[in-house]
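# An overview of the molecular structure
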Amino acid sequence: LAFTTCTLPNNKTTMIHGVWFWLPMHMLQAYPMSRNLPFPDFIIPFAHLIWVIGYIGEHWAGLAEPVDIAFEWAHKYINPIMGIMLLSHFFFTYKMSNHKLVVIACFIAHIGFMTQAKRFGLIGSPKSDYEEQIAAIADPNWNDDHVILHVWYLTTLWVSALTVPYKRLAEKYVPQYAGRNGVGTNGDGQDEKSTLLAGP
C-alpha cells in the first residue's frame, strides 16, 4: 500500500509512494490546523472534509476521470479556504498559547518553507496544472521532496497547536466547563501554568 510501480515516458519502471501512503500525511494536518479555532464542533469536521477533497485531487490525479473535478475544486475553492485556516490557526494559537515564541518560530518556518522551498532545490510542491500534477506523481524525486514538505508542515502545525493547553480550549470554547473543578484557572481567576503537552 505504501509503494507502487510506475512506468516512465522512457518505458523504465520505477517505485513511487502509493496513493494510500499520502492519506495520513494530509489528514494529520487537518486536526492541528483546526484545533484552536472558534466553533470547533463545526470547523474540525469541516477541515477533515476539505482535506479529503484536496488529497484526492492531488494524489489521485490521472487515476479516474472524476478526479479532475476534485483537482479543479481544490485549486478554486479548497486552497483559498486552507490558506485562511492556516493564517487563522497561527493567529488564534498565538493569542491563547503558553509559548508564543514557539508559535512565531513555527509560523516563520511554515511560511518560509512554503515560499522558499524551490530556492533550495525542493520540487515537491503541488502543481497548478492537472497534467503537470500527473507527471509529478510519477516522478520519484517529486515524491521524495513531497514527503519532506508534508513532514515539515506536520511538525510546524502540531508543535504550534499543542502550545495551547486543552484546559484553555475547554474554558474558551465550552463555557459550561469554565472554572469547573479548576479547569482553566488556579482558583483565583488566573490561568494555570500548563505544560506544552498538557492533557485533558
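Residues numbered from 1 in each chain as written. Predicted model: local features only at pLDDT ≥ 70, side-chain atom pairs only at ≥ 80, totals over all residues. Heavy atoms only, no water.

### A short note on the packing of aromatic side chains
Counting across every chain of the model gives ten aromatic pairs. A centroid spacing of 4.9 Å and a plane angle of 85 degrees characterise the contact between phenylalanine 21 and tryptophan 22, whose relative ring orientation is edge-to-face. Judged by centre distance (5.8 Å) and plane angle (35 degrees), the ring pair of tyrosine 31 and tryptophan 158 falls under tilted. Of this pair, tyrosine 31 sits in helix 1 (residues 19-35) while tryptophan 158 sits in helix 6 (residues 140-161); the two residues are 127 residues apart in sequence, bridging distant segments of the chain. The class of tyrosine 31 is partly exposed, set by a relative accessible area of 26%. One aromatic cluster is present, formed by Phe21, Trp22 and Trp142 through successive ring pairs. Sitting over the ring of tyrosine 166, arginine 35 keeps its end group 4.3 Å from the ring centre. One Lys or Arg, lysine 100, reaches over the ring of tyrosine 94 and ends 4.7 Å from the middle of that ring. (Phe/Tyr/Trp six-rings, centres within 6.5 Å; stacked < 30°, edge-to-face > 60°. Helix = DSSP H or I, 4+ residues; strand = E, 2+ residues; numbered from the N terminus. Buried < 20%, exposed > 50% of the residue type's maximum accessible area, 1.4 Å probe, protein only. Lys NZ or Arg CZ within 6 Å of the ring centre and 35° of its normal.)

### Notes on the nonpolar core
Counting residues in hydrophobic clusters, the biggest one holds 18 residues, and the most contacted among them are Met33, Ile50, Trp51 and Met85. Top element by residues in this core is helix 3 (residues 67-96). It accounts for six residues. Leave out the neighbours within four places in its chain, and methionine 33 touches Trp51, Met82, Met85, Leu86, His89 and Leu157. Counting six residues, the second largest nonpolar core, distinct from the first, contains Val19, Met25, Tyr55 and Val147. (Core = buried A, V, L, I, M, F, W, Y, C linked by side-chain atoms within 4.5 Å. Contact = heavy atoms within 4.5 Å.)

### As for the packing of helix 1 against helix 3
How two helices pack is summed up by the angle between their axes together with the distance between the axes. Relative orientation of the contacting elements helix 1 and helix 3 amounts to 50 degrees, with a least axis distance of 8 Å. Comparing their axes, helix 3 and helix 1 come out oblique. Counting all contacts with helix 1, which are made through Pro32, Met33 and Ser34, the residues of helix 3 involved are Met82, Met85, Leu86 and His89. The residue inventory of the contact of helix 1 with helix 3, partitioned by class, reads five nonpolar, two polar and no charged. (Axes fitted to C-alpha atoms, helices over the stretch in contact; angles between N-to-C directions. Parallel < 35°, antiparallel > 145°, perpendicular 65-115°, else oblique. Nonpolar A, V, L, I, M, F, W, Y, C, P; charged D, E, K, R; others polar.)

### Some remarks on the environment of leucine 169
By the secondary structure assignment, leucine 169 is in helix 7 (residues 166-173). With near-sequence residues (within four places) excluded, leucine 169 lies in contact with Arg35, Asn36, Met96, Val164 and Val174.

### Structural notes on the layout of surface pockets
Put simply, the largest pocket is a space of about 570 Å³. What lines the largest pocket is a set of 24 residues, and nearest its centre among them are Glu58, Asn79, Met82, Pro126 and Tyr153. Every element with two or more residues in the lining of the largest pocket is listed here: helix 1, helix 2 (40-59), helix 3, helix 4 (100-116) and helix 6. The element that contributes the greatest number of residues to the lining of the largest pocket is helix 3, accounting for seven residues. Classifying every residue of the lining of the largest pocket gives ten nonpolar, twelve polar and two charged. (1 Å grid on protein atoms, 1.4 Å probe; cavity = no way out; pocket = protein on both sides within 12 Å on 5 of 7 lines; lining within 4 Å. Points joined across faces, edges and corners; volume = space filled by probe spheres on them.)

### A look at the confidence of the model for the chain
With 79% of its residues at a pLDDT of 70 or more, the chain shows a mean pLDDT of 83. Taken element by element, the predicted model of the chain shows its lowest mean pLDDT in strand 1 (residues 3-7) (54) and its highest in helix 4 (96). (pLDDT = per-residue confidence, 0-100.)

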